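Report on the structure
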2 protein chains.
Amino acid sequence: MSDIPGYALLGDVNTPQDLRSLPPEQLPALAVELRRYLIETLGRIGGHFAASLGTIELALALHRVFDTPNDRLIWDVGHQALPHKLLTGRRTRLETLNRKGGLAPFLMRAESQYDAFGAGHSSTSISAALGMAVAAKLAGENRRAIAVIGDGGLTAGMAYEALNHAGQLGLDLTVVLNDNGMSISPNVGALNERPSLAPFFETLGFAYQGPIDGHSLSALIPALEKLKDARGPQLLHVKTVKGKGFAAAERDSIKYHRVTGFDPVTGALPAGKSAAPSYTQIFSDWLCDAAEKNPKLVAVTPAMREGSGLGEFARRFPDRYLDAGIAEQHAVTLAAGLACEGFHPVVATYSTFFQRAYDQIIHDVAVQNLPVLFALDRGGLVGPDGATHHGAFDFSFLRCIPNLVVMAPSDEADCRRMLATGLAHSGPSAVRYPRGSGPGAQVSRDLETLPIGKARVVREARGHRKPRVAILAFGALVQTALEAAELLDATVVDMRFVKPLDVALILDLARENDLLVTLEDNVIAGGAGSGVNEVLASHQQHVAVMNLGLPDQFIEHGTREELLVQCSLDCAGIQRAIQKRLRAKDLSEKERFPVAS
Amino acid sequence: MSDIPGYALLGDVNTPQDLRSLPPEQLPALAVELRRYLIETLGRIGGHFAASLGTIELALALHRVFDTPNDRLIWDVGHQALPHKLLTGRRTRLETLNRKGGLAPFLMRAESQYDAFGAGHSSTSISAALGMAVAAKLAGENRRAIAVIGDGGLTAGMAYEALNHAGQLGLDLTVVLNDNGMSISPNVGALNERPSLAPFFETLGFAYQGPIDGHSLSALIPALEKLKDARGPQLLHVKTVKGKGFAAAERDSIKYHRVTGFDPVTGALPAGKSAAPSYTQIFSDWLCDAAEKNPKLVAVTPAMREGSGLGEFARRFPDRYLDAGIAEQHAVTLAAGLACEGFHPVVATYSTFFQRAYDQIIHDVAVQNLPVLFALDRGGLVGPDGATHHGAFDFSFLRCIPNLVVMAPSDEADCRRMLATGLAHSGPSAVRYPRGSGPGAQVSRDLETLPIGKARVVREARGHRKPRVAILAFGALVQTALEAAELLDATVVDMRFVKPLDVALILDLARENDLLVTLEDNVIAGGAGSGVNEVLASHQQHVAVMNLGLPDQFIEHGTREELLVQCSLDCAGIQRAIQKRLRAKDLSEKERFPVAS
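Not measured: the values here are computed from a predicted model.

Notes on the sheet that holds strand β4 (residues 173-179) of chain A
Residues and elements named next belong to chain A. An order of β2-β3-β4-β6-β5 is seen for the 5 strands of this open sheet, with the pairing classed as parallel. Of all strands in the sheet, those with a lone pairing partner are β2 (72-75) and β5 (207-213), marking the two edges. The sheet shows a mean angle of 20 degrees between the axes of neighbouring strands, taken without regard to direction. In terms of strand pairing, β4 meets strand β6 (residues 233-239) through 7 bridges, oriented parallel. Bridged to Leu 177 within β6 is His 237. Strand contacts of helix α6 (residues 125-139): β2, β3 (145-150) and β4, with the helix running at about 175 degrees to β3, the strand carrying the most contacts. On top of the sheet, helix α9 (residues 217-228) reaches β4, β5 and β6; it is set at about 165 degrees to β5, its chief contact.

The following block contains the structure:
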């Protein structure tokens, strides 16, 4: 008997085994219930939505046909994995999606035995599935590995690398191409424009079938049954509609890619908040203003037009807008090529996705000292997208690169100035800003630049309290530092530049204070604070230092505020840490250390 | 008149303009001279050799037909670019190849206006050329961009990303596929096995021509002439022979891929040195020994079988050997898939190439805490391969990753122990070792492991000298630290683990010494030494610290020894730095700082 009112079937389907024991004629009705359940729940709680509407029949058919979890089912990215979660014992927890302690936004091995491989970033599924297919062969086990990848995911090189390798190895591997024509924005690339993909996949050693209607169970199930016992690499091309079955999402899947909630009947989205504009919007406005003045500005993005705020630029400057696909490596080297010719490219995506182009940033841009500006959105803790998406490492992996200028704004006005500074700079630079909105600083429309490597003191201690404390804060946490400083009467510096650091100011602060506190929303290991430590050591300054930042562990999902509290990077946590430090023997009883003059 | 005895034509060809003014019937003779010149010179001086023998006619035809440097000619990787260097004014400097201050090993924009884009790593050329094609269009300039990429280079995802993007943009772009069937070892991938590549490239939006004989000027020149005015993306498939025209190199292009010199008549290679085995050999031996004991060990390499020492393993354990192609991203995630199934993969390539898989190391391995062992050969300064190849950043970009254990051996015996330790560990780990051979430590054949996070004191100061100095050395420089310590009577610690650090020992050293010197052949920024600084700060230890390591700049080519001297990381340089530091006021006149107990 069903345990949810209004859902005759869904309540009885708690595992794929339950699904497999249903009479086949009930499956279409189950798909209807799954869709309705998703719409009702996501309308209420929000999350990645439209892609999952497109995979309801596919998830149902895959779990019906294959022997999961013994067969390994690997969903790419995870934007589209909610039907899979619903069918694998997580229906009753869907309410908790993206919440701290609740269901993860994407796939996670620790969450379910049915999540054969974790995801979050795109285009990893074929590689992982191939690894599992090799393992099955070595272990002599007769299980299948199935990767489900989108046409967007297929624009990433690593997907091709895996296909090319799989085609040669010839193992039993099934790849389902979930082709809805979309990344988050419409998909790009020559492949996407072809009437037939058979020659492409066949050249790569795959037997190709399709395209078939991915919303027809009577097409999907027999096609998958056929693949179940097929030998060698198999590609099933499935056509789906992002947002399928919810009119508003079908009409505009970009708006419904990720939602904060909506009316499940009309599809009406909540009215935009009247809060301060997001950093993404600040970037977007700056980019258009700068492009008007500078005809050499070209914007490049690896398929992050919406998330990175390039929509307006793409409309107004279509010739200077390049969507490279989910292809960070290519995007960065493409920009390097443009820079060689006197253009000034701006490459925009999320901090976490720049990890994909690390070698290209070093080898193609920095070694050649080319003027490419990297706009890193979602730096620091991103909140509900969780462990795979935090921009927690960028200060560390960027500041070790010679020639690169690394900036982090504390407010919207500085974000704009830093972008202008990077564009005016003759070498490579990066501006890293957080998800969401800042403190609401007044932003002028001019294109003022900053002197490179200069910090600014934003709060002077009144100076009557001992020991004297200065907080050297980077990026978004400057605002929190200002709050925390009131109680402590600390000096607060907005460091602005992670690289080069303002060495002269750091040395002044070391002389004038008893404790320097570095503060950042990057891991402490190798972060901006560790740069401050290096400066002090190399200038023989003995001052007590405390490095505050993210801990040496992966942080799960939750709201940004919750996670900052968890990491003691909220105002109270910072005050607590500093006060504890001030009670330590070396500061409370010390004589001032001798300092080399 | 020719300026080199025995070369009737070559002496008069100093620029592509000279080449273009030769009567066509003289071109085959010029090709003969180029080949002979290469063989004679490289036989004497060594360098990357066999690939360049395969591109003599191609380089000649390209510069003959295209209007270089106005047309942009972009060679991938640079292993094959010597004929191009010879034809673009660098013939007389070929003698200096790879030497400090001499010709660069690969392509370099600063070296010649004919090097349209720098290279060193593979598969960047199409992206760069596409960037230049976009630039030409935006600037309204009628120039061509030509990328020359190998079939090995085409196994990398970023090449595919670029093709897919170029195919959609439809700009005038010429890609020459230099197909010799080889990376360094034989090329892999399904694509490599196909009789025809036309369907593949045509699906990606390229007009395909070929294959033609890449050693026939009468085939190459007309084919390139035809492309010169063709519109849209063009792919010319050229078949070449690696080592062409030098019998020994044709027979075994792997041995002649890179040489230290050879007999230009017989091809005889110099006898192997009887010195200590290289770290690569230590890895190779360990891998086979470990694989015999552990049936779950699988080795994965992104096309670095030879360089990484996997040849013997591949012969003895072919089922457990996976060459993923020049596809670092895929290689790492493939390994993650294997690890999910209870296997213990070892991924082996050079430190610098791991930069290509940075996101996969984080997102697919470390987030999921999977037992994958990364064997990073060529850590630190590599010498003659120069700026693109130094493993100068790995400590910085790896130690910020949670869950990852990072090890660096000071000798061969410890290298073996660390590899065994990584394999036995339940999570991800990396062992990073230098190019060439170590101090010649006795290596046992057992599979002893180390306690994770424990350093070892390798020299105790006799203790009568003040101020007291301890050198905390990482990896290869432990040996140099031991030499340097004699003069200074310093304590020397082989830190062994970059992560986790031996916190207890660091704190002991801080209490017992007046100066801690950290020493590593990684950049100082965010390196292992900065990890030591973080430990001292977080434990409120006030001791003078000096961080020695690579400077914040890209280091060009030279011998490893020359470059270490240049960076003051040789014995004398280290002693100089420490002695200068010891003269500073804070150490010579100081009272001991108060230390929290």
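Things to note about helix α19 (residues 503-512) of chain B
Every buried residue of α19(B) is accounted for by B:Leu505, B:Ile506, B:Leu507, B:Leu509 and B:Ala510. Structurally, α19(B) contributes buried residues whose contacts are with β14 (456-459), β15 (469-473), β16 (491-494), β18 (515-523) and α20 (528-538) of chain B.

Quick word on the sheet that holds β18(B)
Two modes of strand pairing occur in sheets, parallel and antiparallel, and in both the strands are linked by backbone hydrogen bonds. Residue and element names in this part refer to chain B. Read across the sheet, 5 strands follow the order β14-β16-β15-β18-β19 without closing on themselves; strand pairing throughout is mixed. Only two strands of the sheet have a single partner each, and these edge strands are β14 and β19 (544-550). For this sheet, the mean angle separating the axes of adjacent strands, direction not counted, is 25 degrees. Here β14 pairs with β16 via 3 bridges, running antiparallel. Along β16, the bridge assignment pairs Val 457 with Val 493.

Some remarks on the packing of helix α2 (residues 27-45) of chain B against helix α4 (residues 56-65) of chain B
All names here are of chain B. Between α2 and α4, whose axes approach to 9 Å, the crossing angle comes to 130 degrees. With respect to α4, the axis of α2 lies oblique. For the element pair α2 and α4, the recorded crossing hand is right-handed. In this structure, α2 uses Leu 27, Leu 30, Ala 31, Leu 34, Arg 35 and Leu 38 to contact α4, whose residues at the interface are Ile 56, Glu 57, Leu 60 and Arg 64. Here the residues of the contact of α2 with α4 sort into 7 nonpolar, no polar and 3 charged.

Points about unusual backbone geometry
A:Pro69 follows A:Thr68 through a cis peptide bond whose omega is 0 degrees. Mapped onto the fold, A:Pro69 is located in the loop between α4 (56-65) and β2. With an omega of -5 degrees, the peptide bond between B:Lys499 and B:Pro500 qualifies as cis. Topologically, B:Pro500 is positioned in the loop between β17 (497-499) and α19. Residues other than glycine seldom take positive phi values, yet A:Ser123 does so here, at roughly 80 degrees. Relative to the elements of secondary structure, A:Ser123 occurs in the loop between α5 (82-87) and α6. With a relative accessible area of 0%, A:Ser123 lands in the buried category. For B:Gln540, which is not glycine, the phi torsion reads 55 degrees and is therefore positive.

About the thresholds
- Residues numbered from 1 in each chain as written.
- Chains lettered and ligands numbered in written order.
- Predicted model: local features only at pLDDT ≥ 70, side-chain atom pairs only at ≥ 80, totals over all residues.
- Heavy atoms only, no water.
- Pairing = 2+ DSSP bridges.
- Helix = DSSP H or I, 4+ residues; strand = E, 2+ residues; numbered from the N terminus.
- Axes fitted to C-alpha atoms, helices over the stretch in contact; angles between N-to-C directions.
- Contact = heavy atoms within 4.5 Å.
- Buried < 20%, exposed > 50% of the residue type's maximum accessible area, 1.4 Å probe, protein only.
- Parallel < 35°, antiparallel > 145°, perpendicular 65-115°, else oblique.
- Left-handed = near helix turned anticlockwise from the far one by under 90°.
- Nonpolar A, V, L, I, M, F, W, Y, C, P; charged D, E, K, R; others polar.

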